[in-house]
Amino acid sequence: MKTNKLILAIAFLLLSLDMYAQIRVVCVGNSVTEGYGLNNASVESWPAQLGVMLGNNYQVFNCGVSGTTMLKRGSYPYWNTSRFNDAKNYNPDILIIALGTNDAHPNNWQYKSDFYNDYADMIAQFRQNGRNPKIYVCYPVTCYGDNSQMSNLQNELIPIVSQISRDRNTSILDFNTPTRNSRNTLYNDNLHPNAAGARVVAKAAFDGITPRVPTFYQDCNYYGYGVKLGIGDYTANDLIARGISNDDISSIQVPQGYRVFAYVDDNFQGNYLTLTADNGCLGGWNDLFTSIRVRANGVTGLNGTYTIQNANSGKYMDVAAGSGADGANILQWTGHGAANQRFTLTDRGDGAYSLINAQSGKAMDVEGGSTSNVANVLQWTYSGNTNQRFIVLNAGGGNYKLKAAHSGRVVEVTGGGLNNGDNIIQYDDNNQLHGQWRLIAAANASAKVAAPALDEDMPAVVYPNPVSGDYITIKNVKGTQLLIADVSGKVMLKKQLDSSMDTYQLDVSSLKSGIYYVSVDGGEVMSVKIVRE
C-alpha cells in the first residue's frame, strides 16, 4: 500500500511539474468562452479547441462563466465568481480576457462609464505580486439579438477595448470580424457559436497569440495540433523539439510572403514539396515529411535608399525627432526629405530586407521581437535578427506591404490615422490601405518629393487647398524658381519668380487629381490637393 501511495505521489509530482513546464493560457470570459449550448464543451469550446491547436507545449484553462459581465455593477459580475480567483491562481503566462457581450446589453450598458476603469482594474489584478503575463483583450464575437445590444457592442464597447489595449499595453484578439455575417453557419442561436463557430474563434486566438508564419497541422483541413515555423532550417530533431512528430503532417498553411520546402528525408534530402500557398490535404505527400525549410518569398531587386510614404495618409515614415538612440520611435510625419525620413533597403535573402535609417544608422525593428498585434515599431542597432527583416510584398497600384519576417504581420499606421505623430505598429495583414507603403527613391526625395504640408508658422500659403478649379494662388513667396512636383518626384510645372512680387496665380488645369508638392528654390515646401470631377 505504501508503495502504491509513493507511486501515486511521484506521478502527481511529475504531473504538477509538467503543468508548470508548459505555457499556461487562461481564458476569462462569459458563456461564449464556457461553451454554452455545445454538445461537449470540454472538447468543442473555443478554449478546448485552442488547446488542441497549440499542442503539448501549452496548457489552456477555460475559466468562462455564463452570463457574466466585466462591469462590477452589471447583472452578474465576473468579479464575484470563484473562477475569477481560479484564473488568478493558475498564474497565467498568457491571459485572454473575452468579456463584454453581456456588458453591451442595455440593462448593463447604463453603467458604461465604468467599463474602462473596471476593465483596467482586471488587467491590474493579474499584474499584481510581480506577475506579468502576456495579456490579450478581445473584441467580442458578433451578436445577432437585441438591436441595442448589437449597436452598443459594435459602436461603443469595441472602441473602448481598443483604447484599453493602447493605454494598458496589451494586445488585441479580434473575435468580432471573423464571426460577422455568419448567423446561419456559425451560431446555435443569436449569441452562442456552435462547434464550427467556436473553432473560428479558437483559430483567431491561435493566430493572434502565435506568429502568422507557415503552420504545419497534424490532420487534413488544418485540424489537430498546429506548429508554426519561421524562416529557417529544421531537421527531424528540430521538428520533434518543436512538437512535430516524424511523418505526421497532413495540411500546411503558407501565408503570403513565405515559401516552404518540405523534404521526405532528414537533413533536407530526398523528394520535396514546394508550397507558396495553403494546402488543406497533402494527398500523396501526407505523413511523409522529415525535414523542412522556410524561406521568405518577397519582391527582390529593391536595394536602395527611399522615403516611405503611407498609401492611406500620404505621410512618411519618420524616426521621431531625428533621434540616433536605440529605441527611438518610428512614426508618420509630413514629408520633408530629411535624413530621418530616408531608409536604405538591403535584401537579406529572398526579398526580406533590412531598413536602415539614413540619419541614425539604426535598423527598423519590431520591439522586443514581439509577434503580437499592435507591437511597436522602432529603431535599434542592427543585429540581423528576423524582427529586423521585412518581407516586401507587391500590393498593387505602386504600393508595397512590409511584412515583419518573424511575425508575419505587416507594418501599418495604427488605426489608419491621418495625423502627424500617429504611431507605426505591426498588425494582421488584412490588405488594409494604411498597411501599404509607396517607396520613393531618395534621388526623388532630395528633389522635395516628400514635402511638409502647410503649417501655421510657414511664411508662404497656398489657396484654395484643396482646389477643384483651374487656378491656385501662392502668397508670401520669395526666390527665383517655383516647382510643382507629383508624389513620384516628377516636376509637372515650373515658374520663374520675380523678386519684386510675392503673390502668384498659377494655372493648374493640366494637373489631374492627386497630391502635389510646391517648392521654392528647393527650400520652402507646401502640399496642395487637386480634386477633379
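Here the structure is shown first, and the text comes after it.
Structure report, in brief. (Residues numbered from 1 in each chain as written. Predicted model: local features only at pLDDT ≥ 70, side-chain atom pairs only at ≥ 80, totals over all residues. Heavy atoms only, no water.)

1. Digging into the overall build of the protein chain
We count it as follows: For the purposes of this entry, the term helix denotes a DSSP run of H or I that reaches at least four residues, the term strand denotes a run of E that reaches at least two, and both are numbered from the N terminus. Any two residues having at least one pair of non-hydrogen atoms within 4.5 Å are treated as being in contact. Using the Shrake-Rupley algorithm and a 1.4 Å probe, accessible areas are obtained, with residue cover drawn only from the displayed protein chains. Counting rule for charge: Lys and Arg are taken as positive, Asp and Glu as negative, and neither His nor the chain ends is counted. Just so you know, the charge point we use is NZ for Lys, CZ for Arg, CG for Asp and CD for Glu.
What the protein chain contains, in helices and strands, is twelve helices and 31 strands. When contacts within the protein chain are restricted to residue pairs at least 6 apart in sequence, long-range pairs at least 24 apart make up 67% of them. Total accessible area computed for the protein chain in this model is approximately 22,800 Å², and 47% of it derives from carbon and sulfur atoms. Once the 41 positive and 45 negative side-chain charges of the protein chain are each reduced to a mean point, those two points are 2 Å apart.

2. A look at helix α4 (residues 46-54)
Applied cut-off: For every residue, the accessible area (1.4 Å probe, protein chains only) is compared with the maximum for its type, and the residue is labelled buried under 20%, exposed over 50%, or partly exposed between those bounds. To be clear, the arc concerns the directions from the helix axis to the C-beta atoms.
Along α4, the positions that sit buried rather than exposed are Trp46, Pro47, Gln49, Leu50, Met53 and Leu54. Projected down its long axis, α4 shows its buried positions confined to an angular sector of 160°, all on one face. One or two positions beyond α4, positive phi appears at Gly55, with a value near 85°.

3. Topic: the packing of helix α5 (residues 82-89) against helix α7 (residues 115-126)
The description of two packed helices rests on the angle between their axes and on the distance between the axes. For the record, the criterion: Axis lines are fitted to C-alpha atoms, over the contacting stretch for helices. Their N-to-C directions set the angle, which ranges from 0 to 180 degrees. Oblique is the label for any angle not under 35 degrees, not over 145, and not in the 65 to 115 range, which are roughly parallel, roughly antiparallel and roughly perpendicular in turn. The residue classification treats Ala, Val, Leu, Ile, Met, Phe, Trp, Tyr, Cys and Pro as nonpolar and Asp, Glu, Lys and Arg as charged. All others, Gly included, are polar.
Running from amino to carboxyl end, α5 crosses α7 at an angle of 45°, the nearest separation of the two axes being 10 Å. Relative to α7, α5 is oriented oblique. Residue-level inspection shows Phe84, Ala87 and Lys88 of α5 in contact with α7, the latter providing Met122, Gln125 and Phe126. By residue class, the composition of the contact of α5 with α7 is four nonpolar, one polar and one charged.

4. So, the packing of α7 against helix α8 (residues 147-167)
Cut-off, in case you're wondering: Put simply, a crossing is left-handed when the front helix is turned counterclockwise from the back one by less than a right angle, and right-handed when it is turned clockwise.
Direction vectors running N to C along α7 and α8 enclose 40°, while the axes themselves pass 10 Å from each other. Comparing their axes, α8 and α7 come out oblique. The two elements α7 and α8 meet at a crossing, and its hand is right-handed. Residues Phe115, Tyr116, Tyr119 and Ile123 of α7 form the contact with α8, whose own contacting residues are Leu157, Ile160, Val161, Gln163, Ile164 and Asp167. Here the residues of the contact of α7 with α8 sort into eight nonpolar, one polar and one charged.

5. Concerning the environment of Asp86
Counting through the fold element by element, Asp86 comes out in helix α5. Residues Asp86 and Met70 lie 16 residues apart in sequence; the distance between their C-alpha atoms is 16 Å.

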